[in-house]
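Examining the three-dimensional arrangement
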Amino acid sequence: MEQKQTLMWKELSEAPAILEKLRDKNAAVLSGIAQDSKKITNIYTAARGTSDHAMLYLKYLTESTLGIPVASGAPSVVTMYGVKMKFKDSLIVACSQSGKAADVMEIVKEANAQGAVTVAITNDETSPLAKLAKYHLCCYAGEEKSVAATKTFTCQLYLAYLLVHALQGESGADTIGAFLQKNLSLLDGATDDMAREFSSAQECFILSRGITAAIAFECGLKLQEACYIRARAYHSSDFYHGPMAMISEGTKVILYASSRSLSEQFDAPHREDYIKCAEKMEELGADLYIITDDRESFKDMKAKKIYVPQAGRESEQVFVFALATQMLACKVSCLKNLNPDSPRALKKVTVTL
(Lines give C-alpha, C1' and ligand atoms only; values in the text may rest on other atoms or scores of the structure.)
Protein backbone atom coordinates (compact mmCIF):
# COMPACT_ATOMS: atom_id res chain seq x y z
CA MET A 1 0.00 0.00 0.00
CA GLU A 2 1.29 3.46 -0.89
CA GLN A 3 1.09 5.76 2.12
CA LYS A 4 -0.49 8.68 0.30
CA GLN A 5 -3.46 6.49 -0.60
CA THR A 6 -4.24 5.78 3.05
CA LEU A 7 -6.80 7.55 5.17
CA MET A 8 -4.12 8.03 7.82
CA TRP A 9 -2.00 10.11 5.44
CA LYS A 10 -4.98 12.07 4.17
CA GLU A 11 -6.10 12.88 7.70
CA LEU A 12 -2.70 13.80 9.12
CA SER A 13 -2.26 16.14 6.15
CA GLU A 14 -5.53 17.90 6.99
CA ALA A 15 -4.37 18.96 10.45
CA PRO A 16 -2.46 22.14 9.52
CA ALA A 17 -5.48 23.72 7.81
CA ILE A 18 -7.72 22.79 10.74
CA LEU A 19 -5.33 24.41 13.23
CA GLU A 20 -5.43 27.69 11.33
CA LYS A 21 -9.06 28.22 12.37
CA LEU A 22 -9.16 26.39 15.69
CA ARG A 23 -8.25 29.28 17.98
CA ASP A 24 -10.99 31.55 16.72
CA LYS A 25 -13.61 28.80 16.82
CA ASN A 26 -12.87 28.10 20.50
CA ALA A 27 -12.09 31.67 21.59
CA ALA A 28 -15.32 32.27 23.53
CA VAL A 29 -15.08 28.97 25.40
CA LEU A 30 -11.42 29.55 26.27
CA SER A 31 -12.30 32.98 27.66
CA GLY A 32 -15.07 31.47 29.77
CA ILE A 33 -12.77 28.80 31.20
CA ALA A 34 -10.15 31.40 32.08
CA GLN A 35 -12.69 33.57 33.91
CA ASP A 36 -14.10 30.57 35.77
CA SER A 37 -10.68 29.20 36.78
CA LYS A 38 -9.21 32.15 38.66
CA LYS A 39 -9.45 30.36 42.02
CA ILE A 40 -8.36 26.87 41.01
CA THR A 41 -5.45 25.36 42.92
CA ASN A 42 -4.81 22.33 40.74
CA ILE A 43 -5.70 20.61 37.46
CA TYR A 44 -6.72 16.98 37.04
CA THR A 45 -6.73 15.32 33.63
CA ALA A 46 -8.67 12.24 32.57
CA ALA A 47 -7.88 10.51 29.28
CA ARG A 48 -6.70 7.27 27.66
CA GLY A 49 -4.24 6.42 24.89
CA THR A 50 -3.43 9.17 22.42
CA SER A 51 -5.61 11.65 24.31
CA ASP A 52 -3.59 11.00 27.45
CA HIS A 53 -0.42 11.90 25.58
CA ALA A 54 -1.97 15.25 24.70
CA MET A 55 -2.70 15.69 28.39
CA LEU A 56 0.94 14.94 29.22
CA TYR A 57 1.81 17.94 27.05
CA LEU A 58 -0.81 19.97 28.96
CA LYS A 59 0.75 18.90 32.25
CA TYR A 60 4.29 19.93 31.41
CA LEU A 61 3.28 23.19 29.75
CA THR A 62 0.97 24.19 32.61
CA GLU A 63 3.39 23.37 35.37
CA SER A 64 6.32 24.97 33.54
CA THR A 65 4.55 28.24 32.78
CA LEU A 66 1.92 28.64 35.51
CA GLY A 67 3.29 26.58 38.39
CA ILE A 68 -0.11 24.96 38.89
CA PRO A 69 0.15 21.25 39.81
CA VAL A 70 -1.40 18.95 37.20
CA ALA A 71 -2.28 15.36 38.07
CA SER A 72 -2.64 12.75 35.37
CA GLY A 73 -5.79 11.11 36.64
CA ALA A 74 -6.54 7.43 37.06
CA PRO A 75 -10.25 7.02 36.21
CA SER A 76 -10.15 3.45 37.54
CA VAL A 77 -9.96 4.87 41.06
CA VAL A 78 -13.54 6.01 40.59
CA THR A 79 -14.93 3.28 38.32
CA MET A 80 -13.17 0.22 39.77
CA TYR A 81 -12.75 1.23 43.41
CA GLY A 82 -15.68 3.57 43.97
CA VAL A 83 -13.63 6.37 45.48
CA LYS A 84 -15.14 9.84 45.86
CA MET A 85 -12.34 12.13 44.72
CA LYS A 86 -11.95 15.56 46.32
CA PHE A 87 -12.23 17.93 43.39
CA LYS A 88 -12.89 21.21 45.20
CA ASP A 89 -11.02 24.14 43.60
CA SER A 90 -9.95 21.89 40.72
CA LEU A 91 -10.04 22.31 36.97
CA ILE A 92 -10.90 18.95 35.41
CA VAL A 93 -9.81 18.44 31.79
CA ALA A 94 -11.36 15.34 30.21
CA CYS A 95 -9.97 14.47 26.79
CA SER A 96 -11.48 11.93 24.40
CA GLN A 97 -11.49 12.03 20.60
CA SER A 98 -14.90 10.36 20.39
CA GLY A 99 -16.31 11.85 23.57
CA LYS A 100 -17.59 8.42 24.54
CA ALA A 101 -15.01 7.33 27.13
CA ALA A 102 -17.21 5.95 29.90
CA ASP A 103 -14.64 6.04 32.71
CA VAL A 104 -13.60 9.58 31.80
CA MET A 105 -17.24 10.66 31.98
CA GLU A 106 -17.51 9.27 35.51
CA ILE A 107 -14.72 11.62 36.57
CA VAL A 108 -16.57 14.57 35.07
CA LYS A 109 -19.84 13.55 36.76
CA GLU A 110 -18.14 13.44 40.15
CA ALA A 111 -16.37 16.75 39.52
CA ASN A 112 -19.62 18.41 38.43
CA ALA A 113 -21.30 17.27 41.63
CA GLN A 114 -18.57 18.98 43.65
CA GLY A 115 -18.71 22.25 41.73
CA ALA A 116 -15.35 21.87 40.00
CA VAL A 117 -14.68 23.57 36.66
CA THR A 118 -15.02 20.80 34.07
CA VAL A 119 -13.70 20.96 30.50
CA ALA A 120 -14.12 18.38 27.77
CA ILE A 121 -11.85 18.19 24.73
CA THR A 122 -13.47 16.11 21.99
CA ASN A 123 -13.97 15.98 18.24
CA ASP A 124 -17.76 15.68 18.51
CA GLU A 125 -19.95 18.51 19.77
CA THR A 126 -22.87 16.11 20.19
CA SER A 127 -20.95 13.48 22.17
CA PRO A 128 -21.94 12.54 25.73
CA LEU A 129 -18.73 13.95 27.20
CA ALA A 130 -19.09 17.25 25.34
CA LYS A 131 -22.59 17.66 26.77
CA LEU A 132 -21.60 16.54 30.26
CA ALA A 133 -18.77 18.98 30.97
CA LYS A 134 -19.43 22.63 31.78
CA TYR A 135 -17.16 23.71 28.92
CA HIS A 136 -16.39 22.01 25.63
CA LEU A 137 -13.32 22.65 23.48
CA CYS A 138 -13.91 21.11 20.07
CA CYS A 139 -11.29 19.86 17.61
CA TYR A 140 -13.57 20.64 14.65
CA ALA A 141 -11.48 18.13 12.70
CA GLY A 142 -14.29 16.39 10.88
CA GLU A 143 -14.74 12.64 10.99
CA GLU A 144 -11.53 10.72 11.49
CA LYS A 145 -11.92 7.34 9.77
CA SER A 146 -8.50 5.82 10.22
CA VAL A 147 -8.09 3.92 13.49
CA ALA A 148 -4.78 5.71 14.10
CA ALA A 149 -5.56 9.13 15.57
CA THR A 150 -3.61 11.85 13.75
CA LYS A 151 -5.41 15.10 13.04
CA THR A 152 -7.41 14.77 16.27
CA PHE A 153 -4.21 14.35 18.30
CA THR A 154 -2.67 17.43 16.71
CA CYS A 155 -5.87 19.37 17.48
CA GLN A 156 -5.89 18.12 21.08
CA LEU A 157 -2.31 19.34 21.46
CA TYR A 158 -3.28 22.74 20.09
CA LEU A 159 -6.34 23.04 22.32
CA ALA A 160 -4.14 22.17 25.31
CA TYR A 161 -1.69 24.86 24.17
CA LEU A 162 -4.49 27.42 23.82
CA LEU A 163 -5.97 26.47 27.19
CA VAL A 164 -2.69 27.08 29.01
CA HIS A 165 -2.30 30.43 27.27
CA ALA A 166 -5.89 31.35 28.17
CA LEU A 167 -5.17 30.59 31.82
CA GLN A 168 -2.19 32.94 31.49
CA GLY A 169 -4.45 35.64 30.13
CA GLU A 170 -2.99 35.32 26.63
CA SER A 171 -4.34 34.09 23.30
CA GLY A 172 -1.48 31.90 22.08
CA ALA A 173 0.07 31.79 18.62
CA ASP A 174 -2.23 31.37 15.63
CA THR A 175 0.58 30.72 13.14
CA ILE A 176 1.33 27.08 13.96
CA GLY A 177 -1.11 25.68 11.41
CA ALA A 178 0.26 27.86 8.62
CA PHE A 179 3.81 26.88 9.54
CA LEU A 180 2.97 23.17 9.36
CA GLN A 181 1.15 23.67 6.06
CA LYS A 182 4.18 25.40 4.59
CA ASN A 183 6.50 22.59 5.68
CA LEU A 184 4.42 19.49 4.87
CA SER A 185 6.56 18.45 1.91
CA LEU A 186 9.79 19.10 3.79
CA LEU A 187 8.67 16.85 6.65
CA ASP A 188 7.62 14.21 4.15
CA GLY A 189 11.10 14.11 2.65
CA ALA A 190 12.85 14.26 6.03
CA THR A 191 11.24 11.02 7.23
CA ASP A 192 11.81 8.89 4.09
CA ASP A 193 15.18 7.32 4.93
CA MET A 194 14.24 6.64 8.53
CA ALA A 195 11.02 4.95 7.45
CA ARG A 196 12.91 2.61 5.14
CA GLU A 197 15.31 1.64 7.92
CA PHE A 198 12.46 1.01 10.36
CA SER A 199 10.55 -1.18 7.89
CA SER A 200 12.46 -4.20 9.21
CA ALA A 201 12.53 -3.14 12.86
CA GLN A 202 11.03 -5.45 15.46
CA GLU A 203 11.55 -3.28 18.50
CA CYS A 204 12.85 0.12 19.54
CA PHE A 205 12.98 2.63 22.37
CA ILE A 206 11.84 6.26 22.12
CA LEU A 207 13.23 8.93 24.43
CA SER A 208 12.65 12.56 25.24
CA ARG A 209 12.05 14.71 28.27
CA GLY A 210 9.73 17.40 29.57
CA ILE A 211 7.26 18.93 27.15
CA THR A 212 8.47 16.89 24.17
CA ALA A 213 8.02 13.61 26.07
CA ALA A 214 4.38 13.64 24.96
CA ILE A 215 5.55 13.04 21.40
CA ALA A 216 7.89 10.23 22.43
CA PHE A 217 4.97 8.39 24.03
CA GLU A 218 2.75 9.06 21.04
CA CYS A 219 5.47 7.77 18.70
CA GLY A 220 5.62 4.57 20.73
CA LEU A 221 1.89 4.08 20.39
CA LYS A 222 1.87 4.82 16.66
CA LEU A 223 4.69 2.36 15.94
CA GLN A 224 2.89 -0.25 18.02
CA GLU A 225 -0.58 0.06 16.53
CA ALA A 226 0.24 0.87 12.90
CA CYS A 227 3.54 -0.98 12.43
CA TYR A 228 3.40 -3.79 15.05
CA ILE A 229 6.83 -2.77 16.34
CA ARG A 230 7.49 -3.49 20.00
CA ALA A 231 8.17 0.18 20.75
CA ARG A 232 8.55 1.54 24.25
CA ALA A 233 8.79 5.20 25.18
CA TYR A 234 10.49 6.58 28.26
CA HIS A 235 11.28 9.92 29.77
CA SER A 236 15.02 10.02 29.15
CA SER A 237 15.54 10.95 32.80
CA ASP A 238 13.77 7.73 33.84
CA PHE A 239 15.59 5.63 31.26
CA TYR A 240 18.84 5.93 33.19
CA HIS A 241 17.20 4.29 36.21
CA GLY A 242 17.18 0.71 34.95
CA PRO A 243 15.71 0.42 31.44
CA MET A 244 18.99 1.56 29.87
CA ALA A 245 20.38 -1.89 30.67
CA MET A 246 18.34 -3.20 27.72
CA ILE A 247 20.44 -1.23 25.22
CA SER A 248 22.98 -3.32 23.34
CA GLU A 249 24.83 -3.08 20.04
CA GLY A 250 22.40 -2.18 17.27
CA THR A 251 19.34 -1.49 19.46
CA LYS A 252 17.21 1.09 17.69
CA VAL A 253 16.64 4.24 19.73
CA ILE A 254 14.74 7.38 18.70
CA LEU A 255 15.54 10.61 20.50
CA TYR A 256 13.41 13.75 20.12
CA ALA A 257 15.53 16.82 20.80
CA SER A 258 14.29 20.38 20.39
CA SER A 259 16.93 23.08 20.08
CA ARG A 260 15.09 25.46 22.37
CA SER A 261 13.39 25.27 25.75
CA LEU A 262 10.48 27.45 26.86
CA SER A 263 12.78 30.40 27.51
CA GLU A 264 16.26 31.47 26.46
CA GLN A 265 17.38 31.20 30.08
CA PHE A 266 17.10 27.41 29.96
CA ASP A 267 18.16 26.74 26.37
CA ALA A 268 21.73 25.74 27.30
CA PRO A 269 20.92 23.15 30.01
CA HIS A 270 18.09 21.90 27.80
CA ARG A 271 20.51 21.15 24.94
CA GLU A 272 23.16 19.75 27.27
CA ASP A 273 20.68 17.23 28.60
CA TYR A 274 19.80 15.94 25.13
CA ILE A 275 23.47 15.81 24.11
CA LYS A 276 24.27 13.79 27.22
CA CYS A 277 21.51 11.32 26.37
CA ALA A 278 22.64 10.99 22.74
CA GLU A 279 26.26 10.45 23.75
CA LYS A 280 25.25 7.76 26.22
CA MET A 281 23.22 5.91 23.60
CA GLU A 282 26.14 5.99 21.18
CA GLU A 283 28.51 4.79 23.93
CA LEU A 284 26.24 1.77 24.43
CA GLY A 285 26.22 0.99 20.71
CA ALA A 286 22.63 1.98 19.99
CA ASP A 287 21.45 2.55 16.44
CA LEU A 288 20.41 6.11 17.25
CA TYR A 289 18.00 8.34 15.32
CA ILE A 290 17.72 11.95 16.46
CA ILE A 291 14.66 13.87 15.34
CA THR A 292 15.60 17.49 15.87
CA ASP A 293 15.60 21.09 14.67
CA ASP A 294 19.10 21.52 16.12
CA ARG A 295 21.63 21.40 13.28
CA GLU A 296 24.68 22.11 15.43
CA SER A 297 24.69 20.05 18.62
CA PHE A 298 24.68 16.59 17.04
CA LYS A 299 26.49 17.16 13.73
CA ASP A 300 29.68 15.32 14.78
CA MET A 301 27.86 12.25 16.11
CA LYS A 302 27.43 8.99 14.18
CA ALA A 303 23.69 9.01 14.88
CA LYS A 304 21.27 9.47 12.00
CA LYS A 305 19.87 12.97 12.13
CA ILE A 306 16.33 13.69 10.95
CA TYR A 307 16.34 17.46 10.64
CA VAL A 308 12.98 19.19 10.82
CA PRO A 309 12.14 22.92 10.55
CA GLN A 310 12.26 25.09 13.65
CA ALA A 311 8.80 26.31 14.65
CA GLY A 312 9.75 28.34 17.70
CA ARG A 313 10.04 27.50 21.36
CA GLU A 314 9.64 23.90 22.54
CA SER A 315 5.90 24.36 23.09
CA GLU A 316 5.50 25.07 19.36
CA GLN A 317 8.18 22.64 18.14
CA VAL A 318 6.08 19.79 19.51
CA PHE A 319 3.66 20.23 16.60
CA VAL A 320 6.40 19.68 14.03
CA PHE A 321 7.55 16.56 15.88
CA ALA A 322 3.98 15.26 16.04
CA LEU A 323 3.43 15.57 12.29
CA ALA A 324 6.81 13.99 11.51
CA THR A 325 5.94 11.11 13.84
CA GLN A 326 2.62 10.46 12.15
CA MET A 327 4.23 10.50 8.71
CA LEU A 328 6.93 8.10 9.88
CA ALA A 329 4.45 5.59 11.30
CA CYS A 330 2.27 5.70 8.19
CA LYS A 331 5.25 5.12 5.90
CA VAL A 332 6.69 2.28 7.98
CA SER A 333 3.30 0.56 8.11
CA CYS A 334 2.93 0.70 4.34
CA LEU A 335 6.53 -0.43 3.74
CA LYS A 336 5.74 -3.47 5.88
CA ASN A 337 2.69 -4.16 3.69
CA LEU A 338 0.32 -3.41 6.54
CA ASN A 339 -2.82 -1.27 6.57
CA PRO A 340 -2.37 1.67 8.98
CA ASP A 341 -6.06 2.51 8.69
CA SER A 342 -7.20 -0.80 10.12
CA PRO A 343 -4.73 -2.36 12.57
CA ARG A 344 -5.51 -5.87 13.73
CA ALA A 345 -7.55 -6.28 16.92
CA LEU A 346 -8.31 -2.54 17.18
CA LYS A 347 -11.43 -0.41 16.76
CA LYS A 348 -11.72 3.33 16.24
CA VAL A 349 -13.63 3.87 19.49
CA THR A 350 -12.57 2.00 22.62
CA VAL A 351 -14.89 2.36 25.59
CA THR A 352 -13.13 1.66 28.91
CA LEU A 353 -15.37 1.26 31.93
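In what follows, the accompanying structure is described. Predicted model, so just to flag it, every value in this text is computed and none were measured. (Residues numbered from 1 in each chain as written. Predicted model: local features only at pLDDT ≥ 70, side-chain atom pairs only at ≥ 80, totals over all residues. Heavy atoms only, no water.)

1. Focus on helix H12 (residues 267–283)
The condition that has to hold: Strands are runs of DSSP state E lasting at least 2 residues, helices are runs of H or I lasting at least 4, and numbering of each runs from the N terminus. To estimate how far a helix should reach, multiply one less than its number of residues by 1.5 Å. When accessible area is computed with a 1.4 Å probe and restricted to protein chains, residues below 20% of their type maximum are described as buried, those above 50% as exposed, and intermediate ones as partly exposed. As used here, the arc is the angular range of directions from the helix axis to the C-beta atoms. Contacts were defined at the residue level, with two residues in contact if any of their heavy atoms lie within 4.5 Å.
When the terminal C-alpha atoms of H12 are compared, their 24 Å separation across 17 residues agrees well with the 24 Å that a helix rising 1.5 Å per residue should span. Restricting attention to buried positions, one finds in H12 the residues Asp 267, His 270, Tyr 274, Cys 277, Ala 278 and Met 281. Along H12, the residues classed as buried sweep out an arc of 105° about the axis, all on the same side. Of the residues in H12, the exposed ones pointing more than 90 degrees away from the buried face are Glu 272 and Glu 283. Buried residues along H12 sit in contact with strand E6 (203–208), helix H11 (236–239), strand E8 (252–257), strand E9 (287–292) and helix H13 (314–335). Gly 285 occupies a position one or two residues after H12 and carries a positive phi of about 85°.

2. Some details on the sheet that holds strand E1 (residues 42–46)
Just so we agree on the cut-off: One bridge is not enough; two strands pair if DSSP finds at least two bridges between them. Lines fitted to the C-alpha atoms define the axes, with helices restricted to the stretch that makes contact. Angles between their N-to-C directions range from 0 to 180 degrees.
Strand order in the open sheet made by the 5 strands is E2-E1-E3-E4-E5, with parallel pairing throughout. What marks the edges here is a single partner per strand, and that holds for strand E2 (70–72) and strand E5 (135–138). For this sheet, the mean angle separating the axes of adjacent strands, direction not counted, is 20°. In the sheet, E1 pairs with E2 via 3 bridges, with the strands oriented parallel. Counterpart to Tyr 44 in the pairing with E2 is Ala 71. Against the sheet, helix H1 (residues 7–36) touches strand E3 (90–95), strand E4 (117–122) and E5, its axis set at about 155° to E5.

3. Examining the side chain of His 165
The topology assignment puts His 165 in helix H6 (residues 151–167). Those residues in contact with His 165 that sit more than four places away from it in its chain are Glu 170, Ser 171 and Gly 172.

4. Brief notes about the environment of Tyr 234
Relative to the helices and strands, Tyr 234 is located in strand E7 (residues 230–235). Spatially, the C-alpha atoms of Tyr 234 and Phe 205 are 7.5 Å apart, while their sequence positions differ by 29 residues. In contact with Tyr 234, other than residues within four places in its own chain, are Phe 205, Ile 206, Leu 207, Ser 208, Phe 217, Phe 239, Pro 243 and Met 246.

Keep in mind these numbers describe shape, not what the thing actually does.
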